[in-house]
Amino acid sequence: MQQSKLNKSCLQQQSIKVYVRVRPLLKKELGQECIIKTDQQKYVVIEQSTHILKQEYDQVFDEQVSQAEIFKYISPTIHKALQGYNTTIMAYGQTGSGKTHTMFGSDWEYSLNISLGHQSTFIDDLQTDQNHAGMIPRTIYTLFNNLQQGYYVYCSFLQIYNEKIYDLLQDNKVPQALQIHESKTEGIYVEQLTEYAVNNLYDCLTLMKRGEKNRMIRQTTMNLKSSRSHTIFQLLIETSKADQGGQLLRSKINLCDLAGSEKINKQDSMSNAHLNELKSINQSLTTLGKVIQNLSQNNKNINKLPIPYRESKITRLLQDSLGGNTLTNIFVNVAPNIYNIDETANSLKFAQRARNITQIVQANSINATDQELVNKLLKEIDYLKQLLNMKRKGLNSNDMHFKLMKIQEENERLRQANLSVNEVEKLMQENRKMREELQKLQSQSHENSESSHLMKHGSEEGLSQSEMDKQYNTYQQTKLSNNGLLIVSNPNMQKTEVTVRYKDRGNKMQTKLGYVEASDQVLQREKRLMSERKRVIERLELLEQLQFKNSLNSSLPLNGKISRSSKKNSYNLLNRTVEEERTSLPKLKIVERRLIQ
Ligand SMILES: Nc1ncnc2c1ncn2[C@@H]1O[C@H](COP(=O)(O)OP(=O)(O)OP(=O)(O)O)[C@@H](O)[C@H]1O
C-alpha cells in the first residue's frame, strides 16, 4: 500500500480577499448622519475629527449594491471549489451591521413571490432576485447548477454558542456539545457532527433553513434578531470516481456567519445569560483579531509569532481558512452612522490586517488507494451499518442482523486485502448509499414518533377520515405557502398526513400535525413480512440440512460461500424477520448449488 499523502497540484500564493460592505440606514436610524463614503468601489473614506482615513480593499460595496451584484465576486471561488480548492466565505462586523443579511439574506423566501407551485417559482426567484437571498443560498444554487456527474455533496451546519459547538441539523431537545479533533485525512473536524448526503439544491436549502431556525438569537439594542452564535455551514465536495492517475478530488466550502461584537450597555439591565454570551462572543472575536494580527505580521517578519488558534473554538475551526490551504473571502460589514464610528473603525482595522495575509493554496486530491483513506472508509461503513441496523430495528419489526453479518464478513475480507481503485470507489458509493438510507430512516422515525402521539389525539377527538383529509388539505396549503421550501412527502404511501384537533388540559382546542395509517395497508404489510419470514426460515433450514449432509465442519472461504460463524449466526436468526430477502436469497441459492456438486 502506498503512503498516505495529499497530492499537491501546483502551489499558488493568494491573499485573503476582503470586501467591505456598508449597510443602509435602518428605519429607526433614518435622519442620522452617515459618516462613511466610498470611492471607486475600492476605498472607504471617513473624515471625522476623531477618525480620518482612506483605506483600500479588494472591493467596497455601498448601500446601493445588491446581493446579486455582490455574489458575482464570490462566484469564481465556488467554481474553484469544484476544482478541488478549499474555500471560505465569512462575514465579520459589529452586531447589527448586516452579516446575516449578507450570508443568509433577510427573510428572503417570505418576501419572494412564492406560491403553491412553489418549487419552480422559488428557484426562478432565486435566480432573478437582486436583494433577498444571501451568499449561502446563492452558493448552493451555483454549486448544484455546476455539479458534474460523479460529484457528491455533503452538508453540515454547526453553531458555536458560549464556546461550545452544537450541531444545528439535529433537533435534539437537550443539545449535546461536540468536540474538535484533528486527523491526517480530515484535518480539523468536529466529532459526531452530522454530514447529510445531499443530492440536490432543494435538500440543501431545506437543511440551511432547518439549521437557521435552530440558531441562538436574541433582541439587542442594535438588532431585533441578533445572532448570538458563530455559525459554519459547510459543503463537502467529493468525487466518487478516481481520475486516470487514481486520484479522488475533495474540497470544502465553509460559509461562516460570525456573531457580532457588542458593547455592554450600562443603562440597560442585561440578563446573566446575555452577559455571558456577550463575554464569550467578544473573547472569541478578540482571539480572531489576534490570529489575524499575528498572521499578517508573520507575512512581513522573519521572526514568526505564535498563532493562538487554540484559544477559541472559532479560530481552531477556521485555522485552515486563516493560515492554511484555503481561498478565503471576508466580508467586513459596517453600519454607516456616526453612532457606531468606534466599532466601524475597529472593523476596518481588522479588515486591513486580514488583507495582508497571504496563503499558499493548492487543489486537493487523495490517492484512492491511500491506506488511511481506505481505513477511514471502512471504519465509517462499519459505523454506519451499526447505526442503520439500530435504526431499522427501531422502525419496525424487521431484523437486519443477517444482512449485517454478511456485510461485516465482506468488510473483514476487504480489510485484509490491498484494495484496487475500483474497490475503493465501490466503498465510497456504499458509504453514500448508507448515509442516504440513514437520513431517510431518521426522518421517518421522527415522523413516526410524532405520529403515534398525534394519532392518539386524533382518535380522542373522534375525527372521521374525510374530516381528517379535509384538514390535511388545509394544512398542506398552509405549510407550503408558509415555507416555500419543504415538500410534504409521503415516501412509503402508507401514511396520510393530517391535522388533528384535540383538547388540551385547559380544555382549549388545539391543532397538531399527525398521520393516519390506512388499515388495509398495514395488514398487507404485515402479511408480506410474515411470508418473507417464512421463506427465509425455510431457506436457512434447507441450508443446514445440506451442510450437515456434506459434513461441512470447517470454515469455507467467504466469497460466495458460507462460513462456520455465518452458519451459527444464521441459526440465531431463525426466529427473526429478514427484510431484504431479495439480496440474501440469491446468495443462499449459490451456496446450495456448490454444496450439492
Ligand atoms: N444591505 C442591507 N440592505 C438592507 N437591509 C439590511 C442590509 N444589511 C442589513 N440589513 C438589515 O439590518 C438589520 C441587521 O442586519 P443583520 O441581522 O444581518 O446584522 P448582523 O450583523 O448579522 O447582526 P448580529 O451580529 O446582531 O446578528 C436587519 O434588519 C437586516 O435586514
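Residues numbered from 1 in each chain as written. Predicted model: local features only at pLDDT ≥ 70, side-chain atom pairs only at ≥ 80, totals over all residues. Heavy atoms only, no water.

A. Representation of the sheet that holds strand S5 (residues 43-47) in the model. The strand order across the open sheet formed by three strands is S4-S5-S6, and the pairing between neighbours is antiparallel. Single-partner strands in this sheet number two, and they are strand S4 (36-39) and strand S6 (52-56). When the angles between neighbouring strand axes are averaged without regard to direction, this sheet yields 20°. Looking at chain direction, S4 and S5 are connected through four bridges and run antiparallel. In the strand pairing of S5, Thr38 is matched with Val44. In this fold helix H10 (residues 341-355) packs onto S4, S5 and S6, with an angle of close to 35° to the strand it touches most, S6. (Pairing = 2+ DSSP bridges. Helix = DSSP H or I, 4+ residues; strand = E, 2+ residues; numbered from the N terminus. Axes fitted to C-alpha atoms, helices over the stretch in contact; angles between N-to-C directions. Contact = heavy atoms within 4.5 Å.)

B. Spotlight on the packing of aromatic side chains. Enumeration according to the criterion identifies seven aromatic pairs in this entry. Ring centres of Tyr19 and Tyr73 lie 6.2 Å apart, and the angle between their planes is 55°; this geometry places the pair in the tilted category. Here the residue Tyr19 occupies a position in strand S3 (residues 17-22), and Tyr73 occupies one in helix H1 (residues 67-81), the gap between them amounting to 54 residues. Take Tyr19: its relative accessible area is 2%, and that puts it in the buried class. Each residue in the set Tyr19, Phe61, Tyr73 and Phe331 is aromatic and connected to the rest through ring pairs, giving one cluster. (Phe/Tyr/Trp six-rings, centres within 6.5 Å; stacked < 30°, edge-to-face > 60°. Buried < 20%, exposed > 50% of the residue type's maximum accessible area, 1.4 Å probe, protein only.)

C. Structural detail: the side chain of Asn333. By secondary structure assignment, the location of Asn333 is in strand S18 (residues 327-334). Other than its neighbours up to four places away in sequence, Asn333 contacts Arg21, Ala91, Tyr92, Gly93, Gln94, Ser97, Gly98, Lys99 and Thr102.

D. Focus on the pattern of salt bridges. Tallied over the entire structure, the rule returns 11 salt bridges. Salt-bridge contacts for Lys290 lead to Glu311; the nearest nitrogen and oxygen are separated by 3.0 Å. You can see Lys290 sitting in helix H7 (residues 272-300) and its partner Glu311 sitting in the loop between H7 and helix H8 (313-317), a full 21 residues away along the chain. Given a relative accessible area of 48%, Glu311 falls into the partly exposed group. (Salt bridge = Lys/Arg side-chain N within 4 Å of Asp/Glu carboxyl O.)

E. Region of the structure containing the environment of Glu425. Structurally, the position occupied by Glu425 is in helix H13 (residues 421-461). Residues Glu425 and Leu248, 177 residues apart in the sequence, show an inter-C-alpha distance of 9.2 Å. Dropping the residues within four chain positions of it, Glu425 is found in contact with Ser240, Lys241 and Ala242.

F. Seen up close, the site of the ligand. Not every one of the 17 residues close to the ligand is listed here, only the nearest: Thr95, Lys99, His101, Ser226 and Ser227. Separating an oxygen atom of the ligand from a backbone N or O atom of Ser97 is a distance of 3.1 Å. About the coverage of the ligand: the protein hides 81% of its 630 Å² of free accessible area. Mapped by element, the contributors of at least two residues to the shell around the ligand are helix H2 (99-103) and strand S15 (226-227). The dominant element in the shell around the ligand, judged by the number of residues it contributes, is H2, at three residues. Class assignment of the residues belonging to the shell around the ligand gives a composition of two nonpolar, 12 polar and three charged. (Near = heavy atom within 4 Å. Polar contact = N/O pair within 3.5 Å; in protein donor to acceptor, adjacent residues only side chain to side chain. Areas by Shrake-Rupley, 256 points an atom, 1.4 Å probe, with all protein chains shown as cover. Nonpolar A, V, L, I, M, F, W, Y, C, P; charged D, E, K, R; others polar.)

G. Highlighting unusual backbone geometry. The phi torsion at Gln41 lies on the positive side, around 55°, for a residue other than glycine. Checked against the element boundaries, Gln41 lands in the loop between S4 and S5. The partly exposed category is assigned to Gln41, whose relative accessible area is 37%. Of note, Gln192 is a non-glycine position whose phi angle comes to about 70°, a positive value. Residue position: Gln192 is located in the loop between strand S12 (187-190) and strand S13 (196-198). Its relative accessible area of 53% is what places Gln192 among the exposed residues.

H. Spatial organisation of the UniProt feature "binding site: ATP" (unreviewed entry) in the protein. As recorded in UniProt, the sites labelled "binding site: ATP" (unreviewed entry) are Gly93, Gln94, Thr95, Gly96, Ser97, Gly98, Lys99 and Thr100. Structurally, Ser97 can be placed in the loop between strand S8 (87-93) and H2. Accessibility expressed as a relative area gives 0% for Ser97, which makes it buried. For Ser97, the contacting residues outside a window of four places in its chain are Arg23, Asn333, Val334 and Ala335. Looking at Ser97, its side chain comes within polar contact range of the main-chain oxygen of Gln94, at 2.6 Å. Relative to the helices and strands, Thr100 is located in helix H2. Among residues more than four places away in sequence, those in contact with Thr100 are Gly105, Arg215, Ser227 and Asp257. (UniProt positions renumbered as here; feature names shortened; annotations may be inferred.)

I. Molecular detail of the environment of Thr88. Position of Thr88 among the secondary structure elements: in strand S8. For Thr88, a relative accessible area of 0% puts it in the buried group. Along the primary structure Thr88 and Ile16 are separated by 72 residues, whereas in three dimensions their C-alpha atoms are 9.8 Å apart. Excluding residues that lie within four positions of it along the chain, Thr88 makes contacts with Asn254, Ser321, Thr326, Leu327, Thr328 and Asn329. Here Asn254 takes part through its side chain, which lies 3.3 Å from a polar atom of the side chain of Thr88.

J. Just the packing of H1 against helix H5 (residues 135-145), in detail. The geometry of H1 relative to H5 is characterised by a closest axis approach of 10 Å and an angle of 50° between their N-to-C directions. With respect to each other, H1 and H5 are oriented oblique. Relative to H5, H1 is oriented so that their crossing is right-handed. Across from Gln67, Ala68, Ile70, Phe71, Ile74, Ile78 and His79 in H1, the residues of H5 making contact are Met135, Arg138, Thr139, Thr142 and Leu143. (Parallel < 35°, antiparallel > 145°, perpendicular 65-115°, else oblique. Left-handed = near helix turned anticlockwise from the far one by under 90°.)

K. Quick look at the packing of H7 against H10. Contact geometry for H7 and H10: axes closest at 8 Å, N-to-C directions at 40°. Considering the angle they form, H7 stands oblique to H10. Like other packed secondary-structure pairs, H7 and H10 cross with a definite hand, here left-handed. Contact with H7, carried on its side by Leu288, Gly289, Ile292, Gln293 and Ser296, involves Phe350, Arg353 and Ala354 of H10 and no other residues of that element. Taken together, the residues of the contact of H7 with H10 sort by class into four nonpolar, three polar and one charged.

L. Seen up close, the nonpolar core. Ranked by internal contacts, the top residues of the largest apolar core, which has 45 residues, are Val44, Leu317, Leu322 and Val332. No other element matches H7, which puts six residues into this core. Excluding its chain neighbours within four sequence positions, the residues that come into contact with Leu322 are Ile16, Met90, Leu288, Val291, Ile292, Leu295, Tyr309, Ile357 and Gln359. Judged by nonpolar contacts, the second largest core, of 41 residues, contains Phe104, Ala133, Ile140 and Phe331. (Core = buried A, V, L, I, M, F, W, Y, C linked by side-chain atoms within 4.5 Å.)

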